[in-house]
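Listed below are the residues making up each chain.
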Amino acid sequence: MANFPHLRIKQSLDAKYKPPRGGGGKKSPITTDNLNNRSAHGNNLLNQANQIIDDWANQLNERVDASLPPLPEAIPLFLKIDSDKMDIDSLRSFGIEIISIEDDGVIIGSSVAGDLQLISLKEKILKFLNETGRDKNQAAQLWEIETGKSWRLENILSESLLSKWNSISETEIYVVDLGISCNLYISKFPAKKKGETDNKYNSKLTKWQEEKKKLEMERDEISFKRQRDLENLVLNNIYEGKILTGYIDFGDSFGVRIQINGKGLKDLVFNFPYLFEVNEYDPYGIDKISEDALNGEDELEITSPNINAPRVCVIDSGIQEKHKYLVDAILEQDSKSYLPGNTTVMDLIQDGGHGTRVAGAVLFSNVIPKSGKHSHFIWIQNARILDEQNNIPYDLYPPELMRRIVGDYIPLKTKIFNLSVNSNAPCRLKHMSDWAASLDVLNWENDVLFIVSAGNLKRQTRNILNPGIKDHLEANRDYPSYLNERSSRIANPAQSFFSLTVGSISLDEYENTDLKSFGKKDEPSSFSRTGLGIWGSIKPDVVEYGGDWVREKKLNPNLSIHPSTSPELTRTTIDGGPGISRDMIGTSFAAPKVSHIAARILSQWSNASSVYIRALIAQSARWSEKANNYNPLNSLRYFGYGLPSLERALENSKSRITFVAENIINPRKAHIYSFRIPEELRSQADSHRFILEVSLAYKAKIRRTRKGSHSYVSTWVDWISGNLGESEEVFKEKVTDYISSEVEEFKETETPSTIKWTIRERKDWGRVVDAKRNDSSLQKDWAYLYSYELTDVINFAVVGHSGWERDLEEGVPYCIFISLECLNSEISVYEPIRVLNRIEIEV
C-alpha cells in the first residue's frame, strides 16, 4: 500500500434541475427581417422549393434514359436556419430529415422518404405566408434552401478529395470511405407537470420509454434499407463498384469503404441523399524517421511479469517477439496479424522496425536498464496491422479493424491499446472521422482506453496543403511558429474525443559548429503535430519525450538525427543491428511511454475504469518551466496538460494530498464535493505557495452526424469551483441556477475571491484565452494560491448537461481528482487535511 494514497471524497450534496422561469430572448435580425417581409421571404422559399422539385424530377427522367441505377426516394437539401432560435428537430414538421449539422446553422437534410414534392415543406411555407396555424411564424427561422448541387462538394468531400475533384477521371477507380446518415427523431423526455400525480407521470414515462425502444428498432430497419440503397447504386457494371468492408454502425449513421469509378463517385456525391461525408482512402501507417543504428549491447537478466499483470495491446507493424529485451513480456499465444493473407506477426519494417520500438517504450518508458536484474510488470500483446511498406492496406477499413481487434483482445483481459499509427495529414474539423469515432464507440461499449500518437510532420512534402518542416523553413516560417499552422494540426485518429492523445517534446538539446537541434529539453519537438483538436477540444492531452531533429546552420538546411536528441529504444536485430539504439524519433514513441504509466496505474488499481486512468494521468501532468516562454494558448496547443509523472499518478507525499470521486451523473444534475483546510495551513503570517489541481474525465455515447463538442455526445459533463470562502449552501444555489439555465458557459462575476484558474470555463477568462476546458471530455485546470489566500472550505461541482440524448435517466460515468500541494516540500499537508476531513485510509 502506498504511504500517501489517493483518498475517496464523499459527495456532499446532490443539486437537481430547477425549470427556469420565463423565456424569450432577442430574435436574430435576419429572422426579424423575414417576419417583417413575410411575403417576400415566403415566396422566395416557395420558389426555391419548386425549383428543387423540378430539377430533381428532370434528373430522375434523365437517369431512366441513361439507364443509370435508381436513387432512394428522397431529395437532398441544404438549409440555412436560425440556429439560436430554431429547434433543429422541429425540421421534421417541415418534412425534412436531418442528415448532418454543419457550421453556423447550416443543415444537410433530405425530404422524408417518398416525398418528392416537398409537400410538408410547402405547407409550412404557405402557413407562414397566410399567417395561419400555431406555428405561423416558424418559417421565418428557415432562412434559405439552396438550389443546385455545388454545396455538396464543399460540405461533403474531404479537403484532399475536394482539391482534386476537377481532375477526377470517370474511368479511373477510386477507393473512398463513406458516412451515411440513418437517424430517427425521438420526442423529448416527458416533464412532470405541476399537480401531476406520481402514478400518472410514471405511466407517461413508461409509455415514452416503450416508444423510444420501438423507434430504435425502426432505426435499425432504416439503416438496412439505406445499405441496400447504397448497394443498388454502387454494385453495377456501369460504376464497377465493390463494397470492400462491412458496415460499421455509429448509432446515427454507418460507415463503409467502397471501390467505384469516377463516374459513379460523382453520381454518389451529387445525388445520394443520405450521404454526409466522403474521404479518399488514406493508407495511414507510420512516418518512419530513422538513421543508422548505434552499436553495442549490455547484459541484463530479465524476468516475466506476474500472470495477472496488466496487458497492453500494441497495434502496429508487428514485433520481434524473440528480442532479448522483450521476449519475457510477450504473450505469444495472443499475437495476431490482421493483414489479409499474411499470418506473420514479425516486425518487418526496415532499419530496426517500428512496433518493436513501441513495445520497448511501453515496457521501459525512458530508461532501459543495461545490467543487473529487471522484472517486467506489463504483458505485451502484438496486433499487426501495418504491411512492410508501413501502410494499412486498402481492404482493412480502420473502424472495422478496431472493432475486430478489441473484440479479439477483450476476452484476453486487455484494457489498454497503444495506437502509434496516424494519417499523414491534419484531421478534419467538421465531423469526427469514422476511425476516431470508432475508438470513442469502443471506449463507451467496452471501457477500453486507446492511447494514440498525435502524428508527425514530415521532413518535406512539397504540398502546400500539408507542408513538411523544410517546406515551412523555406517559406520563412521558423520553429516553433510553424507548429501554429492549421496544417500542423493533430492527425487522424488523434482527435478521438475519449482517447488519450500524446504529443512529443525534446529530451535534450544539441549544438556543434555546423548543427543545432530545433528545441531544448522540454520544448515541443519540431515534428510533433499540435492542437487544438476538433471543435476546440484540448489536444494533445499530454506529452512525452519523443526526440527532435537536428538541422544544419544554413539556409535550406538538411535535417538529421543525432543520438543526443533521440530517445533510447529497442529495435529489431534481423538486419544485424543492435538491440538498443538512439536512431529514431517521433510521437510514435511518446505515446507508449504514456501507455507505460496507464499500465502502472492498472497494476496498482486493477479495476480502474478508463475515465479513472485518463483523469489520473492528466492530474499527474504539469507544464514545465519552458511552457511559460510561450503564449499560454500556444503552450496548451503544444503540451496539452503537460508531462505526466508516474510518481504523482501512483501516490502523494507529505506535502501533497489528492481526493478522488467516481460516479454516474444524469443530465441536469450536479454532484457537489467539498473539503476543509486546517487553520495551520491558512496562516496569514505564512506565504507558502500551493498548487490546486483538478482533473475530470467522462465518457458518453456519440453521434457522428452532429458537430460540436456538446452535440457529438449524448450527455456532456463539466466541473466548476466555488469562490474562496463561499459556503456550501451559497455554492449549491449557484450550481442549481447553472443547471437550470442549460447554457454552455458558467456565468459568474469575477471577484477577488474567485480562484484564478489557468484555462477556465469561458474563452475570455483565465491565462489561456480562446480555449475553454469544457470543450473537452478530459478537463484539467490548475491555480496557484498562497497560504494566506486559502480558506476553511473549497467547493466543487460536477455538472451533467443534455447533449443529444432525450432520456434524462441515462447517466454517464465520470471521475474527478482534486489535489492540493504545497510547493515547499517541508510543509505537512496530507495528514492534517485527511484528519480534518475524517477520511479513513482504505486498506
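How each quantity is defined
- Residues numbered from 1 in each chain as written.
- Predicted model: local features only at pLDDT ≥ 70, side-chain atom pairs only at ≥ 80, totals over all residues.
- Heavy atoms only, no water.
- Helix = DSSP H or I, 4+ residues; strand = E, 2+ residues; numbered from the N terminus.
- Rg over C-alpha atoms; globule rule 2.2 N^0.38 Å.
- Buried < 20%, exposed > 50% of the residue type's maximum accessible area, 1.4 Å probe, protein only.
- Contact = heavy atoms within 4.5 Å.
- Areas by Shrake-Rupley, 256 points an atom, 1.4 Å probe, with all protein chains shown as cover.
- Lys, Arg positive; Asp, Glu negative; His and termini not counted.
- Charge placed at Lys NZ, Arg CZ, Asp CG, Glu CD.
- pLDDT = per-residue confidence, 0-100.
- Pairing = 2+ DSSP bridges.
- Salt bridge = Lys/Arg side-chain N within 4 Å of Asp/Glu carboxyl O.
- Axes fitted to C-alpha atoms, helices over the stretch in contact; angles between N-to-C directions.
- Parallel < 35°, antiparallel > 145°, perpendicular 65-115°, else oblique.
- Left-handed = near helix turned anticlockwise from the far one by under 90°.
- Nonpolar A, V, L, I, M, F, W, Y, C, P; charged D, E, K, R; others polar.
- Phe/Tyr/Trp six-rings, centres within 6.5 Å; stacked < 30°, edge-to-face > 60°.
- Lys NZ or Arg CZ within 6 Å of the ring centre and 35° of its normal.

> So, the overall build of the protein chain: which residues are in play, and what are the values?
The helix and strand inventory of the protein chain stands at 17 helices and 32 strands. Relative to the compact-globule value of 28 Å for 843 residues, the protein chain shows a C-alpha radius of gyration of 28 Å, a close match. Principal axes of the C-alpha set define a box for the protein chain whose edges measure 85 × 65 × 55 Å. Each of the 843 residues in the protein chain was classed as buried or not, and the buried ones make up 60%. Summarising the internal contacts of the protein chain: among those between residues at least 6 apart in sequence, 80% fall at separations of at least 24. Just so you have it, the protein chain exposes about 33200 Å², and 46% of that area is on carbon and sulfur atoms. Of the side chains in the protein chain, 104 bear a positive and 118 a negative charge, and the two mean positions are spaced by 4 Å.

> I'd like to hear about the confidence of the model for the protein chain, residue by residue, with values.
When pLDDT is averaged along the protein chain, the result is 90, and 95% of the positions lie at 70 or above. In this model residues 292-296 is a low-confidence stretch, pLDDT under 50, and it forms 13 contacts with partners more than four residues away in sequence or in other chains.

> Which residues make up unusual backbone geometry, and what values go with them?
For the bond running from Tyr479 to Pro480, omega is -5°, close enough to zero to count as cis. Secondary-structure assignment places Pro480 in the loop between helix H11 (469-474) and strand E19 (500-505). Cis geometry is found at the peptide bond from Lys539 to Pro540, where omega equals -5°. Turning to its location among the elements, Pro540 is positioned in the loop between strand E20 (515-517) and strand E21 (542-545). The phi dihedral of Glu131 falls on the positive side, at around 55°, and the residue is not glycine. For Glu131, the position within the fold is in the loop between helix H3 (119-130) and strand E6 (142-145). Within the chain, Asn476 stands out as a residue other than glycine whose phi angle is a positive 65°. Within the secondary structure layout, Asn476 lies in the loop between H11 and E19. Judged by its relative accessible area of 72%, Asn476 falls in the exposed class.

> Any details on the sheet that holds strand E17 (residues 416-419)? Residues and values, ideally.
Strand order in the open sheet made by the seven strands is E14-E16-E13-E17-E18-E19-E21, with parallel pairing throughout. A strand with exactly one partner marks an edge of an open sheet, and here the two such strands are strand E14 (336-337) and E21.

> Describe in detail the pairing of strand E3 (residues 76-81), supporting the description with residues and values.
Burial analysis of E3 places five of its six residues in the buried class, which makes it a mostly covered element. Direction of pairing for E3 relative to E6: antiparallel, over a ladder of three bridges. Note that in E6 the partner of Leu79 across the bridge is Ile145.

> Summarise the sheet that holds strand E22 (residues 550-552); cite the residues concerned and give the values.
Spatially, three strands are ordered E20-E22-E23 in an open sheet, and the strand pairing comes out antiparallel. In this open sheet, the two strands that pair with only one neighbour each are E20 and strand E23 (559-560). Pairing of E22 with E23, which is carried by two bridges, proceeds in the antiparallel orientation. For Val550, the partnering residue across the bridge sits in E23 and is Ser560.

> If you had to explain the pattern of salt bridges to someone new, which residues and values would you point to?
Here the structure, examined in full by the defined rule, presents 43 salt bridges. A salt bridge links Arg571 to Asp583; its shortest N-O distance comes to 3.5 Å. Of the two residues, Arg571 is situated in the loop between strand E24 (569-570) and strand E25 (580-581) and Asp583 in the loop between E25 and helix H12 (591-604); the sequence distance between them amounts to 12 residues. Of the two residues examined, Arg571 and Asp583, each falls in the buried class.

> How would you sum up the pairing of strand E31 (residues 793-802)? Please name residues and give values.
Of all the 10 residues making up E31, nine are buried; the element is thus mostly covered by neighbouring parts of the structure. Bridge analysis of strand E27 (residues 669-676) against E31 gives seven bridges, and the strand direction is antiparallel. Counted as the bridge partner of Ile672 is Ala797 from E31.

> How would you summarise the packing of H12 against helix H13 (residues 610-620) if you had to cite specific residues and measurements?
For any two helices packed against each other, one specifies the crossing angle of their axes together with the interaxial distance. For the pair H12 and H13, the least separation of the axes is 10 Å and the interaxial angle reads 120°. The orientation of H12 relative to H13 falls into the category oblique. Considering the relative orientation of H12 and H13, their crossing is right-handed. The segment H12 lies against H13, with Val594, Ile597, Ala598, Ile601 and Leu602 engaging Tyr612, Ile613, Leu616 and Ile617. Class assignment of the residues belonging to the contact of H12 with H13 gives a composition of nine nonpolar, no polar and no charged.

> Give a detailed account of the packing of aromatic side chains, specifying residues and quantitative values.
Two numbers describe a pair of aromatic rings. These are the distance of the centres and the angle of the planes. Applying the stated criterion across every chain yields a total of 27 aromatic pairs. With a centroid separation of 6.4 Å and an interplanar angle of 80°, the aromatic rings of Tyr281 and Tyr394 are classed as edge-to-face. Here Tyr281 is found in the loop between strand E11 (275-280) and strand E12 (301-303), whereas its partner Tyr394 is found in the loop between strand E16 (379-384) and helix H9 (398-409), with 113 residues between them in sequence. Under the relative-accessibility criterion, Tyr394 is labelled partly exposed at 38%. Between Tyr612 and Phe817, the aromatic rings sit 5.1 Å apart at their centres with planes inclined by 70°, giving edge-to-face as the arrangement. One end of the pair, Tyr612, is in helix H13; the other, Phe817, is in strand E32 (residues 812-822), and 205 residues separate them in sequence. The ring of Phe518 has Arg551 lying over it, and the distance from NZ or CZ to the ring centre is 4.5 Å. Taking NZ or CZ as reference, Arg704 lies 5.5 Å from the ring centre of Phe250, over its face.

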